[in-house]
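Analysis of the macromolecular model
The residues making up each chain are set out below.
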Amino acid sequence: MALLLIIACFAVPLATAWLLVGHWRPTGSVQHGELLDPARPVELRLVLPEGKPSDGAGLRGRWVLAYVGSAAACDQRCRTGLYDIRQVRLALGKDMSRVQTLLLLNGQPEVEFRRWLGAEHPTMTVGVAGPVTQTALLDAFRQPGQVGDWIYVLDPLGNLLMRYKIDVEPRGLLKDLQRLLKWSKIG
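Description of the structure in this document. Treat the numbers as computed from the prediction; the structure is a model and nothing was measured.

Strands pair in a sheet through their backbones, by hydrogen bonds, and they do so in one of two ways: parallel or antiparallel. In spatial order, the strands read E1-E8-E7-E4-E5-E6-E2-E3; together these eight strands make up an open sheet with mixed pairing. Bordering the open sheet on either side are strand E1 (34-41) and strand E3 (53-54), each of which pairs with just one other strand. By the bridge criterion, five bridges tie strand E7 (residues 150-154) to strand E8 (residues 159-165) in an arrangement that is antiparallel. Its bridge partner being in E8, Tyr152 is matched across the sheet by Arg163. Running over the sheet, helix H2 (residues 76-91) touches strand E4 (63-69), strand E5 (99-105) and E7 and is turned about 165° from E5.

Below you can see the structure in the form of structure tokens.
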């Protein structure tokens, strides 16, 4: 009897695992944002506020937290989102140099908006995104995004990986980014 009990202790878990393979998937996930599977490359073609075109070469090799906004106005949601990604980057401490923040606009920003960006976000890269770049970001996920609704995460190779609602809890974004930086062999 004892021998059968010992055999059952090993056989029952193996039989259960064999029966569940291919039929059961865990429902929970670790990340706080929406994962894009598979990741897609995005060409970051933009025009800097000075009018110079850029192919995003200054962003290569770094993780990018990108926000697609409107040049016409940066409302309170926009300002809070920009503040949050700046704070998430600062909270990374020694890994802060591996991450760059990016604001992609749909037109040249007004003078007052540029002044505010220069004062509040001096290290943020700001540029006007071409239609191809904007479409690549906004339409990459199952549910298309709208200008001003999402924060996007791109890896150092230029692949779009994740997006977060603009009103996401910054701690969730920070935890995901810390996990990506910890396990990443790039950037």
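Now that the structure has been shown, the text picks up again.
This part covers helix H1 (residues 2-20). An ideal rise of 1.5 Å per residue puts 27 Å on 19 residues; H1 measures up with 28 Å between its terminal C-alpha atoms. The sharpest bend along H1 comes to roughly 30°, located at Ala8.

The next point concerns the state of the cysteines. In protein chemistry, a disulfide is the covalent bond that joins the sulfur atoms of two cysteines. Evaluation of the coordinates by the stated rule reveals one disulfide. Across the disulfide from Cys74 sits Cys78; the S-S distance is 2.0 Å. Judged by the torsion about the S-S bond (-90°), the Cys74/Cys78 disulfide is left-handed. By relative accessible area, Cys74 is classed as buried at 10%.

Across the seven residues of E5, seven count as buried, placing the element largely inside the fold. A two-sided burial pattern is seen for E5, the buried positions comprising Val99, Thr101, Leu103 and Leu105 on one face and Gln100, Leu102 and Leu104 on the other. Here E4 pairs with E5 via seven bridges, running parallel. Each residue of the ladder has a partner; that of Leu65, found in E5, is Thr101.

Cut-offs used in this document
- Residues numbered from 1 in each chain as written.
- Predicted model: local features only at pLDDT ≥ 70, side-chain atom pairs only at ≥ 80, totals over all residues.
- Heavy atoms only, no water.
- Pairing = 2+ DSSP bridges.
- Helix = DSSP H or I, 4+ residues; strand = E, 2+ residues; numbered from the N terminus.
- Contact = heavy atoms within 4.5 Å.
- Axes fitted to C-alpha atoms, helices over the stretch in contact; angles between N-to-C directions.
- Expected span 1.5 Å × (residues − 1).
- Bend = angle between axes of the 7 residues up to and from the residue.
- Disulfide = S-S within 2.5 Å.
- Buried < 20%, exposed > 50% of the residue type's maximum accessible area, 1.4 Å probe, protein only.

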